[in-house]
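Fold and contact review
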Number of protein chains: 2
Amino acid sequence: MHQIVLFWGVAIAPLVQSKGQNLRQGLIIVTAKPAITQYPIHELLAQRWSPLAFSERPVEGEKIQRLLEAARWAASCFNEQPWRFIVATRDHAEDYARLLSCLVEANQTWAGRAPLLMLTVASMHFQRNGNPNRHAYHDVGLAVGNLTAQAMAMGLFVHQMAGIEPEQAREVYKIPEGYEVVTAIAIGYLGQSAELSASLQQREAAPRQRREFSEFVFAGEWGQASPLI
Amino acid sequence: MHQIVLFWGVAIAPLVQSKGQNLRQGLIIVTAKPAITQYPIHELLAQRWSPLAFSERPVEGEKIQRLLEAARWAASCFNEQPWRFIVATRDHAEDYARLLSCLVEANQTWAGRAPLLMLTVASMHFQRNGNPNRHAYHDVGLAVGNLTAQAMAMGLFVHQMAGIEPEQAREVYKIPEGYEVVTAIAIGYLGQSAELSASLQQREAAPRQRREFSEFVFAGEWGQASPLI
């Protein structure tokens, strides 16, 4: 099978390069979906997207270590580091199945091909004094942001999921009170979207969209678009 | 005044390069505090830290645009993009003072020198159906993670603060119900820590610390350290 790969040698692609069409096979292989930015951003951020089709190629152990090291060095409120990760690879079928069972069914269909799965968990109280940590979820987000940038730097892609079964996860892993399962994450190399169902292929090929700056960057007063952008 | 600059030409520094000592002046200038990593990570992540001393050099408008563009392209649950930013630069004294007034006093002392301040705000419900968005804070974290990586790529440093006065911010900016102020962010070029108070200089020079992997990476069961790392 021929695979068309679109290289992303430049930080910002002026046009969507979202589809490589393999005319011989009549297959659509999504190989890159760079952000259509108004202002240039670093390629690790511009080239990030959340694929549904993962290759079965395992993620090298050394890369898994670097992903978690990147997460480790995120900033956090009072340096609490409220993030926890439960990790499973396809090499360990039982562990993998257990983690996969914590995803909603719709996500299991595609995420079950990813070689590396994680659950992210937030510690909801400060270790030092037991007070609630209002920024626990936020700081898990910072850690996963780091992990994602590190993944991109190593040719790996990350797809985060809110669609999990938190109570199932709590039961399966005996997650104690004071911790909340936040997301699941599928990680791996890009696969062939042709192997997805028709509806998932459509989702995979859909253009990326974002809010206008005037909707989310304010100055002076709430809702007043900043003149800076 | 002489300034000793430690360049970070390599992705991972094997030792802490946290202090450049200006012997002539007897001043300590912190110019780099790379993460002491066990596994190598991308330099944008390894070189990130949260300085207290900012230069008065303004942040170029074009860089502010790129910071916010980076935030814009983060992933989010159902692509809700729940992040909002209120932005102020020192060029606009009144706006700047208004934003600074939303920080706790201890943060005002040092953050009030940064040329660029932001408040991050989370939209707590999905726009499509009004349901609560459990991942609003988390996704603000992802956006700020992107912004921070972009800052590092442009020679800018970011210091996030949980120490804000949310009710003051709500009043000052007339932030409506359904939105919550999450953090404040100071952004700028590195300054000279010698200009900080003695106690802040000490904080600036303190070594960086992180949890051991066994404390936050689990497999199979909660609290069971993953053999992957």
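Residues numbered from 1 in each chain as written. Chains lettered and ligands numbered in written order. Predicted model: local features only at pLDDT ≥ 70, side-chain atom pairs only at ≥ 80, totals over all residues.

Bringing the overall build of chain A into the picture now. When you go through chain A residue by residue, the secondary structure sums to 7 helices and 7 strands. In chain A, the order of α-helices and β-strands from amino to carboxyl end is β-β-α-α-β-α-α-β-α-β-α-β-α-β. Across the 229 residues that make up chain A, the buried fraction comes to 47%. Look at the contacts in chain A between residues 6 or more apart in sequence, and 71% of them connect residues 24 or more apart. (Helix = DSSP H or I, 4+ residues; strand = E, 2+ residues; numbered from the N terminus. Buried ≥ 20, exposed ≤ 12 C-beta atoms within 10 Å, placed from the backbone. Contact = placed C-beta atoms within 7 Å.)

Residue and element names in this part refer to chain B. Of all 5 residues in strand S5 (residues 157-161), 5 are buried; the element is thus mostly enclosed. Direction of pairing for S5 relative to strand S6 (residues 179-188): antiparallel, over a ladder of 5 bridges. Pairing of His-159 across the sheet is with Ala-186, part of S6. (Pairing = 2+ DSSP bridges.)

This part takes up the interface of chain A and chain B. Between chain A and chain B, the residue contacts involve 65 residues of the former and 65 residues of the latter. For the side of chain A that touches chain B, the secondary structure elements donating two or more residues are helix H1 (43-46), helix H2 (61-72), strand S3 (83-89), helix H5 (136-153) and strand S7 (217-218) of chain A. Per element, the largest residue contribution to the side of chain A that touches chain B is 12 residues, and it comes from H5 of chain A. Tallied by class, the residues present in the side of chain A that touches chain B amount to 37 nonpolar, 18 polar and 10 charged. Examined bridge by bridge, S3 of chain A and strand S7 (residues 217-218) of chain B share 2 bridges and lie parallel to one another. Bridge pairing in S7 of chain B links Ile-86 of chain A to Phe-218 of chain B. (Nonpolar A, V, L, I, M, F, W, Y, C, P; charged D, E, K, R; others polar.)

The biggest cluster of nonpolar side chains holds 130 residues, and the ones touching the most others in it are Ile-86 of chain A together with Ile-86 and Leu-117 of chain B. Not counting the four nearest positions on each side in its chain, Ile-86 of chain B is found in contact with Phe-218 and Ala-219 of chain A together with Leu-99, Met-118, Leu-119, Val-121 and Tyr-173 of chain B. (Core = buried A, V, L, I, M, F, W, Y, C linked by C-beta atoms within 7 Å.)

A few words on helix H2 (residues 61-72) of chain B. Taking 1.5 Å per residue as the helical rise, H2 of chain B with its 12 residues ought to reach 16 Å, and the 17 Å between its terminal C-alpha atoms agrees with that figure. Ile-64, Arg-66, Leu-67, Leu-68, Glu-69, Ala-70, Ala-71 and Arg-72 of chain B are the residues of H2 of chain B that are buried. (Expected span 1.5 Å × (residues − 1).)

Residue and element names in this part refer to chain A. The domain boundaries assigned to chain A delineate domain 1 (1-51 + 194-210) and domain 2 (54-189). Counting from both sides, the interface comprises 7 residues of domain 1 and, opposite them, 9 residues of domain 2. Classifying every residue of the side of domain 1 that touches domain 2 gives 4 nonpolar, 2 polar and 1 charged. (Domains from an automatic or database assignment.)

This part takes up the relation of the copies chain A and chain B. Placing chain A over chain B gives an RMSD of 0.0 Å and needs a rotation angle of 180 degrees, together with 0.0 Å of translation along the axis. When the rotation and shift are considered jointly, the pair of chain copies conforms to a two-fold rotation axis. (Least-squares fit on C-alpha atoms with pLDDT ≥ 70 in both.)

Bringing the pairing of S3 of chain A into the picture now. Residue and element names in this part refer to chain A. Of all 7 residues that make up S3, 7 are buried, and the element is covered over most of its length. Neither face of S3 is open: one carries Trp-83, Phe-85, Val-87 and Thr-89, the other Arg-84, Ile-86 and Ala-88, and all of them are buried. Bridge count between S3 and strand S4 (residues 116-123): 7 bridges; the pairing is antiparallel. Residue pairing for S4: Val-87 is matched across the bridge by Met-118.

Take the environment of Gly-163 of chain A next. Residue and element names in this part refer to chain A. Take Gly-163: it is sitting in the loop between strand S5 (157-161) and helix H6 (166-173). It is 9.6 Å that separates the C-alpha atoms of Gly-163 and Gln-108, two residues lying 55 residues apart in sequence. Not counting chain neighbours up to four residues away, the residues in contact with Gly-163 comprise Leu-103, Val-104, Ala-106 and Asn-107.

Right, let's get into the sheet that holds S7 of chain B. Spatially, the 5 strands line up as an open sheet ordered S5(A)-S6(A)-S4(A)-S3(A)-S7(B), and their pairing is mixed. Strands with a single pairing partner mark the edges of an open sheet, and in this sheet they are S5 of chain A together with S7 of chain B. Pairing geometry for S4 of chain A and strand S6 (residues 179-188) of chain A, over 8 bridges, is antiparallel. Across the sheet, residue Leu-116 of chain A finds its bridge partner in S6 of chain A, namely Ile-187 of chain A. Contacting S3 and S4 of chain A, helix H3 (residues 93-100) of chain A crosses the sheet at an angle of about 125 degrees to S3 of chain A. (Axes fitted to C-alpha atoms, helices over the stretch in contact; angles between N-to-C directions.)

Residues and elements named next belong to chain A. Residue Phe-78 is not a glycine yet carries a positive backbone phi of 55 degrees. Here Phe-78 is to be found in the loop between H2 and S3. For Phe-78, a count of 16 C-beta atoms within 10 Å puts it in the partly exposed group.

Residues and elements named next belong to chain B. Inspection of the secondary structure assignment puts Ser-193 in the loop between S6 and helix H7 (198-205). Take Ser-193: there are 23 C-beta atoms within 10 Å of it, and that puts it in the buried class. Each C-alpha atom of the pair Ser-193 and Glu-204 lies 7.2 Å from the other, and the pair is 11 residues apart in sequence.

Attention now goes to the sheet that holds S5 of chain B. The mixed open sheet is built from 5 strands, whose spatial order is S7(A)-S3(B)-S4(B)-S6(B)-S5(B). Each edge of the open sheet carries a strand with a single partner, namely S7 of chain A together with S5 of chain B. Strands strand S3 (83-89), strand S4 (116-123), S5 and S6 of chain B of the sheet are contacted by helix H5 (residues 136-153) of chain B, whose axis makes an angle of about 150 degrees with S4 of chain B.

Residue and element names in this part refer to chain A. Relative to each other, H2 and H5 sit at 140 degrees, their axes nearing to 7 Å. In terms of orientation, H2 and H5 fall into the oblique class. In the crossing of H2 with H5, the sense of the turn from one axis to the other is right-handed. Residues Arg-66, Leu-67, Ala-70 and Ala-71 of H2 form the contact with H5, whose participating residues are Ala-143, Val-144, Asn-146, Leu-147, Ala-149, Gln-150 and Ala-151. Looking at the contact of H2 with H5 residue by residue, the class counts come to 8 nonpolar, 2 polar and 1 charged. (Parallel < 35°, antiparallel > 145°, perpendicular 65-115°, else oblique. Left-handed = near helix turned anticlockwise from the far one by under 90°.)

Here we take up the packing of H5 of chain A against H5 of chain B. Where H5 of chain A contacts H5 of chain B, the axes come no closer than 7 Å and their chain directions differ by 45 degrees. The angle between H5 of chain A and H5 of chain B places the two elements in the oblique class. Regarding H5 of chain A and H5 of chain B, the two cross each other, and that crossing is right-handed. Residues Tyr-137, His-138, Asp-139, Val-140, Gly-141, Leu-142, Val-144, Gly-145, Asn-146 and Ala-149 of chain A of H5 of chain A touch H5 of chain B, and the partners they reach there are Tyr-137, His-138, Asp-139, Val-140, Gly-141, Leu-142, Val-144, Gly-145, Asn-146 and Ala-149 of chain B.

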